[in-house]
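# Coordinates in review
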Amino acid sequence: MFTLNDLFDIAIKMEENGRDVYLNALGKAGNREIEGLVQWMADEENRHKSWFEKQKSVISPSGRDLNIMLPGVIKEMMGDNSLSLDELDLSEITTPVQMLETFIMFENDTILFYEFLEAFVESEPVKAGLHKIIAEEMAHVDKISAMIQSLKDGGD
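Residues numbered from 1 in each chain as written. Predicted model: local features only at pLDDT ≥ 70, side-chain atom pairs only at ≥ 80, totals over all residues. Heavy atoms only, no water.

Per the counting criterion, the structure on display carries eight salt bridges. The closest approach of N and O atoms between Glu-136 and Arg-47, which form a salt bridge, is 2.8 Å. One end of the pair, Glu-136, is in helix 5 (residues 124–153); the other, Arg-47, is in helix 2 (residues 32–59), with 89 residues separating them in the sequence. Note on Arg-47: relative accessible area 38%, which makes it partly exposed. Between Glu-101 and Lys-152 there is a salt bridge whose closest N-O contact spans 3.9 Å. Of this pair, Glu-101 sits in helix 4 (residues 96–118) while Lys-152 sits in helix 5, placing them 51 residues apart in sequence. Of the residues examined, Glu-101 reaches a relative accessible area of 35% and is grouped as partly exposed. Ionic contacts of the salt-bridge type, sharing partners, join the residues Glu-44, Arg-47, Lys-132 and Glu-136 into one network. (Salt bridge = Lys/Arg side-chain N within 4 Å of Asp/Glu carboxyl O. Helix = DSSP H or I, 4+ residues; strand = E, 2+ residues; numbered from the N terminus. Buried < 20%, exposed > 50% of the residue type's maximum accessible area, 1.4 Å probe, protein only.)

Pasting the structure below:
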């Protein structure tokens, strides 16, 4: 059985993975504007991680078991690589557009997981904070998408 705190631990790991990938991507894009976006996103992931860590004490320190088959659900929802971005080999990504498209996949996986997580959050203030993070993750996708379009329009 899993507790809500266990799910928040997964969210924390997702944010850590995202931050690490973004930091590792700095300097590899060859584009100052993309590097600024990537640094901003790393900072956002770090802020989200801190929020999830703080919520763990609010939601239920003792934790109640959630009667769900979590590993199968996550694997089905998230695919094989979303929780282990460590396996992402940036050297195999040859263009800034490919890098940004990879980031969109990660952000979309994160949104799906947080929407799943929302079903188990009972605290209205925590739920409101989670909604805010989901909206911010969606804004990340929008910014990355705009950057991709800008690169494509510029001929990259």
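Let us now look at the nonpolar core. Counting residues in each nonpolar core, the largest one holds 41 residues, and the members touching the most others are Phe-8, Phe-52, Leu-100, Phe-103, Phe-113, Tyr-114 and Leu-117. Those elements that provide at least two residues to this core are helix 1 (4–25), helix 2, helix 4 and helix 5. Residue contributions to this core peak at eleven residues, all from helix 4. In this structure, Leu-100 is in contact with Ile-34, Leu-37, Ile-144, Met-147, Ile-148 and Leu-151, ignoring residues within four places of it in sequence. (Core = buried A, V, L, I, M, F, W, Y, C linked by side-chain atoms within 4.5 Å. Contact = heavy atoms within 4.5 Å.)

At a closest axis distance of 11 Å, the pairing of helix 2 and helix 5 adopts a crossing angle of 170°. Taken together, the axis directions place helix 2 and helix 5 in an arrangement best described as roughly antiparallel. For the crossing formed where helix 2 meets helix 5, the hand is left-handed. When the residues that make up the contact of helix 2 with helix 5 are grouped by side-chain class, the tally is 14 nonpolar, four polar and seven charged. (Axes fitted to C-alpha atoms, helices over the stretch in contact; angles between N-to-C directions. Parallel < 35°, antiparallel > 145°, perpendicular 65-115°, else oblique. Left-handed = near helix turned anticlockwise from the far one by under 90°. Nonpolar A, V, L, I, M, F, W, Y, C, P; charged D, E, K, R; others polar.)

Turning to its location among the elements, Glu-45 is positioned in helix 2. For Glu-45, a relative accessible area of 0% puts it in the buried group. Those residues in contact with Glu-45, other than ones at most four positions away along the chain, are Glu-15, Gly-18, Arg-19, Tyr-22, Phe-106, Glu-107, Glu-137 and His-140.

Moving on to the packing of helix 1 against helix 2. At a closest axis distance of 8 Å, the pairing of helix 1 and helix 2 adopts a crossing angle of 165°. In terms of orientation, helix 1 and helix 2 fall into the roughly antiparallel class. Of the two elements, helix 1 crosses helix 2, and the hand of that crossing is left-handed. The residue inventory of the contact of helix 1 with helix 2, partitioned by class, reads 13 nonpolar, six polar and eight charged.

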